[in-house]
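Coordinate inspection notes
Spelled out, the chains give:
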Amino acid sequence: MPSPQARRVRSDSSSPLICRRFLAFAEPSCYIRTVIAADDFRHVLGHFATGVTILTTCDGDARPTGLTASAFSSVSLDPPLVLICVDHKSQSYPALVAGKQFAVNVLCHDQEGVSRRFATTKIENKFEGVPFTLSPMGLPLLDNALAHLECATVNVHLEGDHTIFVGRVESARTGGGHPLVYYRGRYDRLSGATP
Ligand SMILES: Cc1cc2nc3c(=O)[nH]c(=O)nc-3n(C[C@H](O)[C@H](O)[C@H](O)COP(=O)(O)O)c2cc1C
């Protein structure tokens, strides 16, 4: 049952109920659409427990840049492809577009502090005090991460207020430890996880 905030709208130009900004798609369509309010959408999405990553790359002046992200997924095994989704408002977005490569640092259970730091826009240099290594590909790899994947961007798809970057994995390795988990807006650990 759609929540009271959800509006049942008819997406054809004759209905006075139409208010274009509620339409999921700009062009008129004969389909009935249920549009969910942003807070409801985020609340529901929060029920999908995920790991936490930090996406990193370098900008045109070879300065490392990065952000906390959970919109990360495998796409294909052969070729080895993954995807990440990045908000167009992210400070790292221009460098990800221009640099055509990125690293996915999968965080360990004891890296909640690093995750909070990279989830903040206000910090000038997020890497200050965060140990990392520049890989042969020129990508910043955070020390003590659970896994690193280094990717060359092979495709980008603009969807809504984010862009999907598809990366071909050029190199990948794992470290020891347990994963950091994010569920319903909180950080957590996997209980009883074996190393
Ligand atoms: C657990 C968690 C997951 C997040 N996942 C994403 C994501 O997948 N994509 C994204 O663009 N922002 C995501 N964010 C928000 C960014 O980390 C946040 O907006 C950050 O401030 C962006 O930094 P920047 O503007 O310096 O690039 C996430 C934040 C948290 C705490």
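I will try to describe carefully the structure that is included in this document. (Residues numbered from 1 in each chain as written. Predicted model: local features only at pLDDT ≥ 70, side-chain atom pairs only at ≥ 80, totals over all residues. Heavy atoms only, no water.)

**Here's the deal with the sheet that holds strand E3 (residues 50–51)**
Strand order in the open sheet formed by three strands is E3-E13-E14, with antiparallel pairing between adjacent strands. On the outer flanks of this sheet lie E3 and strand E14 (186–189), each paired with one strand and no other. Two strands pair when backbone bridges link them, and E3 and strand E13 (residues 180–183) are joined in this way by two bridges, in the antiparallel orientation. Its bridge partner lying in E13, Gly51 is registered against Val181. (Pairing = 2+ DSSP bridges. Helix = DSSP H or I, 4+ residues; strand = E, 2+ residues; numbered from the N terminus.)

**Some points on the site of the ligand**
The local shell around the ligand holds 19 residues, among which Thr68, Asp87, Ser90, Gln91 and Lys126 are the closest. The separation between an oxygen atom of the ligand and a polar main-chain atom of Ala71 is 2.9 Å. Between the ligand and the protein, one listed contact pairs an oxygen atom with a backbone N or O atom of Ser92 at 3.4 Å. When the ligand sits alone it has 640 Å² of accessible area, and the protein chains cover 82% of it. (Near = heavy atom within 4 Å. Polar contact = N/O pair within 3.5 Å; in protein donor to acceptor, adjacent residues only side chain to side chain. Areas by Shrake-Rupley, 256 points an atom, 1.4 Å probe, with all protein chains shown as cover.)

**Considerations on the packing of aromatic side chains**
For the coordinates displayed, the defined rule picks out four aromatic pairs. Between Phe118 and Phe127, the ring centres sit 5.0 Å apart and the planes meet at 90 degrees, which makes this aromatic pair edge-to-face. Both residues of the pair, Phe118 and Phe127, count as buried. Ring centres 5.0 Å apart and planes at 65 degrees place the aromatic pair Phe127 and Phe132 in the edge-to-face group. Of the residues examined, Phe127 reaches a relative accessible area of 5% and is grouped as buried. A residue is classified by how much of its surface remains accessible, and Phe132, at 31% relative accessible area, is partly exposed. (Phe/Tyr/Trp six-rings, centres within 6.5 Å; stacked < 30°, edge-to-face > 60°. Buried < 20%, exposed > 50% of the residue type's maximum accessible area, 1.4 Å probe, protein only.)

Honestly, it's all geometry; don't read function into it.
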